[in-house]
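If you want the building blocks of each chain, they are given just below.
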Amino acid sequence: MPPKHWADLDHEARIEALAELGLPRFRVDQIARHYYGRLEADPLTMTDLPESARVAVRDALFPELMSPVRVLDADDEETQKTLWKLHDGTLLESVLMRYPDRATLCISSQAGCGMACPFCATGQGGLDRNLSTGEIVDQVRNAASTMQRSGGRLSNVVFMGMGEPLANYKRVVSAVRQITRPAPEGFGISQRSVTVSTVGLAPAIRKLADEDMSVTLAVSLHTADDELRDELVPVNNRWSVAEVLDAAAYYADRSGRRVSIEYALIRDINDQPWRADLLGKKLHRALGSRVHVNLIPLNPTPGSKWDASPRERQDEFVRRVIAQGVPCTVRDTKGQEIAAACGQLAAEER
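A brief report on the enclosed structure follows. Note that residues are indexed from 1 along each chain, following the sequence as it is written. Selection of residues for local features in this predicted model requires a pLDDT of at least 70, selection of side-chain atom pairs for listing and counting requires 80 or more, and totals for whole chains, interfaces and linings are taken over all residues. Excluding hydrogens and water, the side-chain values take into account all heavy atoms of the structure.

1. Comments concerning unusual backbone geometry
With the exception of glycine, the majority of residues adopt a negative phi angle, and the majority of peptide bonds are in the trans configuration. Here the residue pair Ala183 and Pro184 is connected by a cis peptide bond, since its omega of 10 degrees sits within 30 degrees of zero. Numbering of helices and strands starts at the N terminus; helices are DSSP runs of H or I of at least 4 residues and strands are runs of E of at least 2. Mapped onto the fold, Pro184 is located in the loop between helix 6 (169–180) and strand 8 (194–198). Phi angles above zero are rare outside glycine, and Leu39 is one such case at about 65 degrees. Along the chain, Leu39 falls in the loop between helix 2 (26–37) and helix 3 (51–61). Take Leu39: its relative accessible area is 9%, and that puts it in the buried class. One non-glycine residue, Ala116, lies in the positive phi region at around 60 degrees. By secondary structure assignment, the location of Ala116 is in the loop between strand 5 (110–112) and helix 4 (121–125). With a 1.4 Å probe rolled over the protein chains alone, any residue whose accessible area is under 20% of its type maximum counts as buried; one over 50% counts as exposed, and the rest are partly exposed. With relative accessibility at 35%, the residue Ala116 sits in the partly exposed group.

Structure below.
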């Protein structure tokens, strides 16, 4: 794991760490206001700290966690993908997407992914390691700082980059709390503007529900029948579609939030009309009005046999899901010319 960072520590641990440097506890609040409020990560710029202490604070609590390897722009510079190199040479990706009414950051929770979904570039690369809380949180600070310099504000964060967030549960929940708490304890982004995705780790979904947070849960379902889902999402061999939807319903009950169902539409694999009917029926039965389907046109990876469905089949799929009483929309895809699908840039770099 990476060296200890400010964002890895809770309040008491920060007090203790500063005490070891000979600094009083009120410095915790000062440093936190710089990091979360002013988006500064270099204590040398924190002028209300004693000059004699700044280097020690930097060395002890603010190591450089990541450095940019490549930054690619698309969509008239509205989409920016960054490939980061971590302290141990591990690669991760984040994508900043600007829309007229918001700015959304897609962040990674793991370097690589162990879920082995065959149509996903990250899944095919395997899992390198979990990210630390600091590595997750600092992706957000970097993007928020980028937006601030351009006169904007980061408004939304989605855990839909590399990795399965609920397989790195403790660190992801800690990061969510720091993303959503008001300064000086966090970046002050609304919990309702944070989305945590999962391929369907049913026990962890229930555990997340009991955290009493109001983040959006996004379940990457991709098909409603177990036979195909065993192939597309191998973790389905442990937790079936019925178990995943039951856990999602529990989350909706506990959080009061509508669950998002992510469905990557793959030509001749999961785009048949009867699958749309089955999806709508199962979701309506399990979740009623507390669900929305987010249909994703597949972003093919080079050399892959998986391809996007034609537009007319996509439109028919949407119509059939809606006919079952379940809202369904198509995701606005961005960044295809810069390999914005999860893991593509890291795979190219390797």
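Continuing now.
2. What about the pairing of strand 11 (residues 291–297)?
Consecutive side chains along a regular strand alternate between the two faces of the sheet. The buried fraction of strand 11 amounts to 6 of the 7 residues, a majority that puts the element mostly inside the structure. Between any two strands, pairing holds if DSSP finds at least two bridges. Looking at chain direction, strand 10 (residues 259–265) and strand 11 are connected through 7 bridges and run parallel. Considered in strand 11, the bridge of Ser260 is made with His292. Following the backbone out of strand 10, through helix 10 (residues 273–287) and into the adjacent parallel strand 11, one traces a crossover that is right-handed. Alignment of strand 11 against strand 12 (residues 328–330), held across 3 bridges, turns out to be parallel. Note on strand 12: the bridge partner recorded for Asn294 is Thr329. By definition, the crossover connecting two strands over a helix is right-handed if that path, from the first strand to the second, turns clockwise as seen with the strands pointing away from the viewer. In this fold, strand 11 hands off to helix 11 (residues 311–323), which returns the chain to strand 12; that crossover is right-handed.

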